Amino acid sequence: YRFAWIGQYDAATEAVVSRTWAGEGVEYLDAIGSDSIEPSHRVLGNGEPVVVPRVSTDLHDESWRQAALLRGFRSVVSVPLVYENYTYGVLSVYADESEAFGETERPVFAELGETIGNAINGIETKQSLLGDEVLRLKLRMDDETSPLVALARSLDCTISLEGVNTW
C-alpha cells in the first residue's frame, strides 16, 4: 500500500479533515479539495465501506481520480471507523496497483475500521472516567405531573443527582 490517512467530518466547514496519515502522497489531500466526492467523503455520507478497484475508471467524471493517478494511486479502499452506532471518522488506503482490494482484503479492512473505532471509544471512555473535567448542569423542572417534581414539593426539598455515566 502506498498511502493511508484517517479523516473526520468537520461540521463547521462541512468537509472531511485529515487527522493523521502515513506513506507517500500527502499532497493528495490538499489536491482533492473539500468539494470533491472522494471515497472517504462517500463513506462518511453513507456509513458503508467504499472500494474503487480502478481509479482510472470515470476519470473525467470525478476530479479526485486525476489527483490520485498523478500520485500513483491505482485503487482505493475507504472504511468507516465505527463503534456501535457512532462514526469516529474514515480510514482510506491507496494502492499502487489496480484491483488491490479484492474479496479477501475487503472484510479485513472493514474489521480494521471497527477495531479502530472500538479502540477510540475505549480511549475516550477511559479519559472521561479518569479525567479532571466535570460538567455541571442545573435543570429546573416545573411540570406538576413529573414524579420528581411532585416528590420534591411534597417533601419541601430539592432533589439533586450527582454522577452520571454515559454508557
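See the structure above.
Along each chain, numbering runs from 1 in the same order as the chain's sequence is written. For a predicted model such as this one, the threshold for reporting local features is a pLDDT of at least 70, and the threshold for listing and counting side-chain atom pairs is 80 or more; totals across whole chains, interfaces and linings nevertheless cover every residue. To get the side-chain values, take all heavy atoms of the structure and skip hydrogens and water.

Asker: Sorry, what's going on with the side chain of S75 here?
Answerer: Numbering of helices and strands runs from the N terminus, with a helix taken as a DSSP run of H or I at least four residues long and a strand as a DSSP run of E at least two residues long. On the secondary structure map, S75 appears in strand β4 (residues 75-83). Any N or O atom pair separated by 3.5 Å or less is treated as a polar contact, with the protein-specific requirement of one donor-capable and one acceptor-capable atom, and with residues adjacent in sequence counted only for side-chain atom pairs. A distance of 2.7 Å separates a polar atom in the side chain of S75 from the backbone oxygen of E97. Whether two residues are in contact is decided by their heavy atoms: any pair within 4.5 Å suffices. Dropping the residues within four chain positions of it, S75 is found in contact with V52, P53, V55, V93, Y94, A95, E97, S98, E99, A100 and F101.

Asker: Explanation requested: a nonpolar patch on the surface in the structure shown.
Answerer: The grouping of M141, L148, L151, L155 and I159 at the surface amounts to a nonpolar patch, some 470 Å² of accessible area in total. By secondary structure assignment, the location of L148 is in helix α5 (residues 147-155). Residues form patches when they are more than 30% accessible in relative terms and have no salt bridge. Like charges link within 9 Å. Nonpolar side chains (Val, Leu, Ile, Met, Phe, Trp, Tyr) link within 5 Å. Accessible surface is estimated by sampling points in the Shrake-Rupley manner with a 1.4 Å probe; for residues, cover comes only from the protein chains shown. The term salt bridge refers to a pairing of a side-chain nitrogen on Lys or Arg with a carboxyl oxygen on Asp or Glu at a separation within 4 Å.

Asker: Help me out: how do you make sense of the environment of E111 in this one?
Answerer: Relative to the elements of secondary structure, E111 occurs in helix α4 (residues 105-130). A sequence separation of 93 residues divides E111 from S18, and the C-alpha atoms of the two residues are 21 Å apart.

Asker: Where do I start with the sheet that holds strand β2 (residues 15-23) in this structure?
Answerer: Hydrogen bonding along the main chain pairs the strands of a sheet, whether they run parallel or antiparallel. By definition, two strands form a pair when at least two bridges between them are found by DSSP. Across the sheet, five strands lie side by side as β2-β1-β5-β4-β3; this open sheet has antiparallel pairing. Among the strands making up the open sheet, the edge pair consists of β2 and β3 (50-52). The mean inter-strand angle of the sheet, taken between neighbouring strand axes irrespective of direction, is 20°. Of the pairings in the sheet, the one linking strand β1 (residues 3-10) to strand β5 (residues 86-95) comprises five bridges and is antiparallel in character. In the strand pairing of β5, W5 is matched with S92. Axis definition: a line fit to C-alpha positions, over the contact stretch in the case of helices; interaxial angles, taken between N-to-C directions, run 0 to 180 degrees. Lying on the sheet, α4 is in contact with β3, β4 and β5; it crosses β4 at an angle near 35°.

Asker: Where do I start with the side chain of E38 in this structure?
Answerer: Here E38 lies in the loop between α1 (27-32) and α2 (39-46). The buried label goes to any residue with under 20% of its type's maximum accessible area, the exposed label to any with over 50%, and the partly exposed label to all in between, with areas taken from a 1.4 Å probe on protein chains only. Under the counting rule used here, the positive set is Lys and Arg, the negative set is Asp and Glu, and His together with the chain ends is not counted. Notably, E38 is buried but unbridged: the nearest opposite-charge side chain belongs to R42, and the N-O separation is 7.6 Å. A distance of 2.5 Å separates the side chain of E38 from the side chain of S40, its partner in a polar contact. Those residues in contact with E38, other than ones at most four positions away along the chain, are W5, Y28, I32, W64 and Y94.

Asker: Can you help me understand the pairing of β2 in this one?
Answerer: Relative to β2, β1 runs antiparallel, the two being bridged by eight bridges. For A4, the partnering residue across the bridge sits in β2 and is A22. Counted along the chain from β1 to the antiparallel partner β2, the turn is four residues long, and its residue E14 has a positive phi close to 55°.

Asker: How should the packing of aromatic side chains be read in this particular structure?
Answerer: For any pair of aromatic rings, the description rests on two quantities: the centre-to-centre distance and the angle between the ring planes. Centres within 6.5 Å make a pair out of two Phe, Tyr or Trp rings, where for Trp the six-membered ring is used; the pair is then stacked when the planes are under 30 degrees apart, edge-to-face when over 60, and tilted otherwise. Throughout the structure, instances matching the rule amount to 10 aromatic pairs. Seen in terms of ring centroids, Y28 and F73 are 5.4 Å apart; in terms of plane orientation they differ by 80°. Their pairing is edge-to-face. In this pair, Y28 is assigned in helix α1 and F73 in the loop between α3 (63-70) and β4, connecting sequence segments 45 residues apart. The pair Y28 / F73 is uniform in exposure class, with both members buried. Ring centres of F101 and F109 lie 5.6 Å apart, and the angle between their planes is 80°; on these two criteria the pair is classed as edge-to-face. Pair check on accessibility: F101 and F109 agree, each one buried. Connected via pairs of aromatic rings, a cluster forms that spans F3, W21, Y28, F73 and Y94.

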